[in-house]
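Geometric and topological summary
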Amino acid sequence: MQTPTQPTDVPSDFFSAYLQRPGVADELFDAKGQMRPVWRRFVDRFARLTPAEIEARFERGDQYLRDAGVFYRQYSNDPLAERDWPLSHIPVILHEDEWATICAGLTQRADLLERVMADLYGPGRLVADNHLPAALIARSPHWLRPMVGVEPRGGHYLHFIAFEIGRSPDGTWFVLGDRTQAPSGAGFALENRMATGRIFPERFPRAHIHKLSGFFGTFRNAMERLASPQWEPHRVSGILTPGPSNDTYYEHTYIARYLGMMLLEGEDIVVENAQAMVRTIEGLQPLGMLWRRIDAAFADPIEFNPTSHIGTPGLMEAVRAGHLGMANALGSGVLEMRAMMAFLPRMSKVLTGQALALPNIATWWCGGTRERAYVQKNAQNMLISPADAVDLPFDLGATTALGGEFRGTAMGSISDWLEREGDRLVGQEAVTLSTTPAWQADGEGSGRVVPRPMTVRVFAARTPEGWHFMKGGYARIGRSEDVTALAMQRGGSVADVWVVSDRPLPHTKSAVPSDGNFRRAAPGILPARAADNLFWLGRYVERTEDAARLIRAYHLRLAATDNRNDPRLKALRSYMAGYGFDLSQTVPEALISRISTARNCAFNVRDRFSTDGISALSDLLKTATRMTKTAQPGDDCARAMSVLVRKIAGITGLVHENMYRFAGWRFLSIGRALERSDAMASLLARFTGEDAPEGALDLAVEVGDSIITHQRRYRVETSRDTVVDLLALDADNPRALLFLIRALRQHAEALPNAHLHGRPSDLLRTILPLETGIACAMPVEMTPERLMTIRAELARISDLISATYLR
Amino acid sequence: MLYDVSLTIEYNYAATSDRARNLVRLLPSDIAGVQQVRQRLLQVTPRPDERRDGVDFFGNAMSMVAWHHPIDAMSLNLTAKVERFDTIVPLDFSPRLAEFARDLSAVHGLGPDAPHHFASASPLVSPSPAMTAYARDLVDPDMTAMQGVEALGRALHRDMTFDPEATDVNTPPEEAFENRHGVCQDFAHVMIAALRGIGIPAGYVSGFLRTFAPPGQPRLEGADAMHAWVRAWVGQETGWIEFDPTNDQFAGTDYITVGYGRDYGDVAPVRGVMRTSGGQESRQAVDVIPLEGA
């Protein structure tokens, strides 16, 4: 191998270690070692920064990503384990003319893929005429037989696809993989762009970079047109996600929020008479289009994988009837098969008469005798792997041979393997990728720029005017100098891709200019599951706060008496045991599990809940978990609980001060009011009864956070009457039953269908008498029995809310 | 032979949710040269809120039924009059196993009867080293494909014990084979896996057997419920043949076909989702009676 050489024009010390490898294309320098003009201005500015400035800028970008809560999920033992977003801070820079050439080639490829798809699910000529082996398609789990003969809504199968491309040593581009099932990364590309905007905020380069944002709006409009054409108005569209345990769930929530689209899980949808509908708090709303981020085989357990728990029974019926469209159509995953690459060049000629403008990674299906012999002979320079694998060449599974060697388990000799299972295998040339600059920190406040291999992901969306490409995108950066595709395995980083113009681009406003006819958009539809999660989020946060106050009361008294057999301590222990709290544990495990449930509810509605709120809940969980290890019984634990109570107050303040008063906020508030009123009724029933220990009344006032009010209002020692008056019958005390039930009623009145045919709903008819009864009651009437009746009514209200709105 | 077929399947669900949907494959269809359906009727109770009858990819009749409210029981009643033609075991023009792969790869196309659908692993039936080795011991390259199919079917009948207690509907074929016990579904799945293992495309046939054998012949196993047997593709010349490993014979006039599939999953009489938290139980009753003078 020839030795790497230094480029001829090294701009600064940062680049002193930037060596070019012979036979490898580089993004920054051309083959003669000259810097490519498209990088020149950026590099000049970058080279003038001090190491401290560079560090500060990169930190700004990372800080943005952390604040925005960008993460991706790793499959691991903890299903909710998240990883920081691995941004490579230096962008990949491409000239707009080069980008236009790439996109022209990919347009041709996208159209070809659409035609292949239409044939595979239509007349089947390609297989019948032996341009594609029948065995290959028949064996693919992604070729879905129920879709054969089904006409997709709007006439097209593919609507949103991506291509993984790389640059070969001669400087031309090639395709490593087509992503046609449910490509991810577009949302992350947006976040990368936000981050690089913080790192390089100056007018240059800013004004020269093509924007990404228009792409999404264009695609959403195309989706909405397909969802709801003129002859079928009022059909909505949404994003179908596998749910929070998926590794790209963050991106689904991000895109849903960014585009204002509903984020739906399988159970949010029901199918009746071949119509797919969303369960919302206002009843069933017809769906016209789904942007599918779930693998097709899991979309409908009736007709596809029967073990799927994330699908919707009957979804295929809605697709078959043409009432529901999918981006992309069910079954589009078959195009991702590695072996497809072996046949696309020929199919292009057969179907269009044209050769592919952008070649793909050379691929040989080993089912053919000649191809098998070729792969065997050239195994040294090949990646040999399952023909029906759909991951990208660098996502290597266990049964793969590279460069003539098996990875993972030994399988005997490669030639035996090829003979035995040839028709299940493909050989792909071991490609060489280009390198691009990446920053390598030296850990001492400085660093240097090093060449790293990269691939670029290009996103395309179908519009009525044709394929529309995201101008820029998402590059994967390898973690070592290895320029074979291997280095691109998981564990690398990602970079923003700038498509730049020589001149500043006209300043386009993202907002539509006002024409004086502003119409306020109707509030979005709230899916029942989202409302359900917000409702339970409200309940669990309140449940946590209530428990923290009770635990604090316990430890304060423990500190004062140092006697676990004090009647008040005993009473508190048995009271809390009824709620599953074991007060022999200093910080009971049940408290952690309440917080964790609250946080999971928030995760489930990440598209509708503030990032700050989620961070605050995660922080609360972290703090409380730490306390389980450190807190000592008595004063120390009481102080710890005070910290938690304050943190919870921060969360509820954040929510109630900042959350838009849409229906979701009401469900959160209803959950909170229900939980708080039930906890209060329960507390009063236990601690104001005749069997309550001495000092129980003070305890109730303390847990009810009403000590000061009590002193000011009554100027006397606590008595049963004063305590019940303040904590049950007071309309101005936000912890009193009357206040809370009044709030419940006001929320219920504002919900959809609060009145039907001029009559109050069942829900209101349950709340109203309860409210009136308490408003009219005297303290002496609030016996423990009466309080237990109130609790039963509250449970009924909760059930009615669930039945009416949350399913 | 003309048959009166009647079948009842009843399901009881322990707990129900707000709606239910089932895909039912019970109606027999016309098959050229094999059977003709004179009349057929599938009644579903309680009456579903929606029902659509259609044909699936493999040409089987399917009925999609759904309820928009909770149900705690469902019953399916099939009545049909089906004429089963006398068929003879075809003369053996199938290629020798040594040349079989070439014959198979010369077939293009992915129509419902194309052998490629049935040549490799399907969701419930994958070839396994043990079953493939078993099959290899029974055949040699000079045998024809058809001889191979028959040898394997008869060997499985000999080596496996019919035992309704040993397996259930979810038992994987590897397990049934290892224990050499099972019911018709297991016999069929094991034979399919073994045939695929030696390169012969094989699929699953669901259907009925006549309830009482003709005088002087033993009553067939599996006649009191829906039955399953195997079809195998033995070359372009002969196409598909059907063998019943449970009863050690080629499927003949005693057999009425309901569905063809790659495995049980493609032809399961009821596929459904009954969003239910509890268990469910089912009961099946079948009668297949030859009409006199037919």
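Residues numbered from 1 in each chain as written. Chains lettered and ligands numbered in written order. Predicted model: local features only at pLDDT ≥ 70, side-chain atom pairs only at ≥ 80, totals over all residues.

The name an unreviewed UniProt entry assigns to chain B is Transglutaminase-like enzyme, putative cysteine protease, from the organism Celeribacter baekdonensis.

A word on the overall build of chain A. Helix and strand content of chain A: 25 helices and 23 strands. Projected onto its principal axes, the C-alpha positions of chain A cover 95 × 70 × 65 Å. With 807 residues in all, chain A has 49% of them scored as buried. The long-range share in chain A, meaning contacts at least 24 apart out of those at least 6 apart in sequence, stands at 70%. (Helix = DSSP H or I, 4+ residues; strand = E, 2+ residues; numbered from the N terminus. Buried ≥ 20, exposed ≤ 12 C-beta atoms within 10 Å, placed from the backbone. Contact = placed C-beta atoms within 7 Å.)

Turning to unusual backbone geometry, a few remarks are in order. At the junction of Ala-327 of chain A and Asn-328 of chain A, the peptide bond is cis and its omega measures out at 5 degrees in the coordinates. Along the chain, Asn-328 of chain A falls in the loop between strand E11 (325–327) and helix H11 (340–352). Between Thr-45 of chain B and Pro-46 of chain B the backbone carries a cis peptide bond, its omega angle lying at -5 degrees. Relative to the helices and strands, Pro-46 of chain B resides in the loop between strand E3 (35–45) and strand E4 (50–55). For Asp-562 of chain A, which is not a glycine, the phi torsion comes out positive at approximately 50 degrees. Considering the arrangement of structural elements, one finds Asp-562 of chain A in the loop between helix H14 (528–561) and helix H15 (567–577).

Attention shifts here to the confidence of the model for chain A. If pLDDT is low for a region, its predicted coordinates should not be looked at in detail. This prediction gives chain A a mean pLDDT of 90; 94% of its residues lie at or above 70. Looking across chain A, the model is least confident in strand E1 (residues 71–73) of chain A, with a mean pLDDT of 60, and most confident in helix H3 (residues 96–120) of chain A, with 98. (pLDDT = per-residue confidence, 0-100.)

Looking now at the environment of Glu-421 of chain A. Residues and elements named next belong to chain A. Within the fold, Glu-421 resides in helix H13 (residues 414–421). C-beta crowding within 10 Å serves as the criterion here: with 15 such atoms nearby, Glu-421 is assigned to the partly exposed category. Expressed as a C-alpha distance, the spacing of Glu-421 and Ala-68, which sit 353 residues apart in the sequence, is 48 Å.

Another aspect to go through is the interface of chain A and chain B. Taken together, the contact between chain A and chain B spans 22 residues of the former and 21 residues of the latter. Tallying contributions element by element places helix H5 (residues 134–139) of chain A first for the side of chain A that touches chain B, with five residues. Tallied by class, residues from the side of chain A that touches chain B come to 13 nonpolar, four polar and five charged. (Nonpolar A, V, L, I, M, F, W, Y, C, P; charged D, E, K, R; others polar.)

On any regular strand, side chains alternate: one points to one face of the sheet, the next to the other face. Residues and elements named next belong to chain A. Strand E9 (residues 275–280) sits mainly inside the fold: five of its six residues count as buried. The pairing of strand E8 (residues 269–272) with E9 spans four bridges and is antiparallel. Across the sheet, the residue bridging to Val-270 is Met-277, located in E9. Where E8 folds back on E9, the antiparallel hairpin that results is connected by two residues, among which Asn-273 adopts a positive phi of roughly 50 degrees. Alignment of E9 against strand E10 (residues 283–292), held across four bridges, turns out to be antiparallel. Following the sheet pairing, Thr-280 is matched in E10 by Gly-283. Here E9 hands over to E10 after two residues, the two strands then running antiparallel side by side. (Pairing = 2+ DSSP bridges.)

Turning our attention to the domain arrangement of chain A. All names here are of chain A. Split into domains, chain A comes out as domain 1 (93–160 + 177–337), domain 2 (362–429), domain 3 (526–659) and domain 4 (660–807). Put simply, the middle of domain 1 and the middle of domain 3, counted by C-alpha atoms, are 41 Å apart. Counting residues at the interface gives 14 residues for domain 1 and nine residues for domain 3. When contributions to the side of domain 1 that touches domain 3 are tallied by element, the ones reaching two or more residues are helix H9 (249–259), strand E7 (262–264) and E9. Class assignment of the residues belonging to the side of domain 1 that touches domain 3 gives a composition of seven nonpolar, two polar and five charged. (Domains from an automatic or database assignment.)

Residues and elements named next belong to chain B. By the assigned domains, chain B splits into domain 1 (2–85 + 268–290) and domain 2 (97–267). Each of domain 1 and domain 2 has a C-alpha centre, and the two are 24 Å apart. Opposite the 22 residues of domain 1 that make contact, domain 2 presents 20 residues. Breaking the side of domain 1 that touches domain 2 down by element, the ones donating at least two residues are strand E1 (2–13), strand E6 (73–84) and strand E15 (280–290). Per-element accounting of the side of domain 1 that touches domain 2 gives the leading share, six residues, to E15. Residue composition of the side of domain 1 that touches domain 2, grouped by class: 15 nonpolar, four polar and three charged.

All names here are of chain B. One open sheet accounts for five strands, arranged E12-E11-E10-E9-E13; its pairing is antiparallel. Each edge of the sheet is formed by a strand with only one pairing partner; in this case those strands are strand E12 (249–250) and strand E13 (255–261). On the sheet, helix H3 (residues 145–159) packs against strand E10 (227–233) and strand E11 (240–244) and is oriented at approximately 15 degrees with respect to E11. (Axes fitted to C-alpha atoms, helices over the stretch in contact; angles between N-to-C directions.)

Ranked by size, the top nonpolar core spans 227 residues in total, and within it Ile-137 and Val-458 of chain A together with Val-149, Met-191, Leu-195, Val-230 and Ala-232 of chain B carry the most contacts. A total of ten residues in this core trace back to one element, the largest contributor, which is H3 of chain A. (Core = buried A, V, L, I, M, F, W, Y, C linked by C-beta atoms within 7 Å.)

In this section: the pairing of strand E5 (residues 61–67) of chain B. Residues and elements named next belong to chain B. For E5, a buried count of six out of seven residues is recorded, marking the element as mostly surrounded by other parts of the structure. In the sheet, strand E2 (residues 20–24) pairs with E5 via five bridges, with the strands oriented antiparallel. The partner of Ala-20 across the bridge, within E5, is Trp-67. Inspection of the sheet shows E4 paired to E5 by six bridges, in the antiparallel sense. Following the sheet pairing, Asp-53 is matched in E5 by Ser-63. Where E4 folds back on E5, the antiparallel hairpin that results is connected by five residues, among which Gly-59 adopts a positive phi of roughly 90 degrees.

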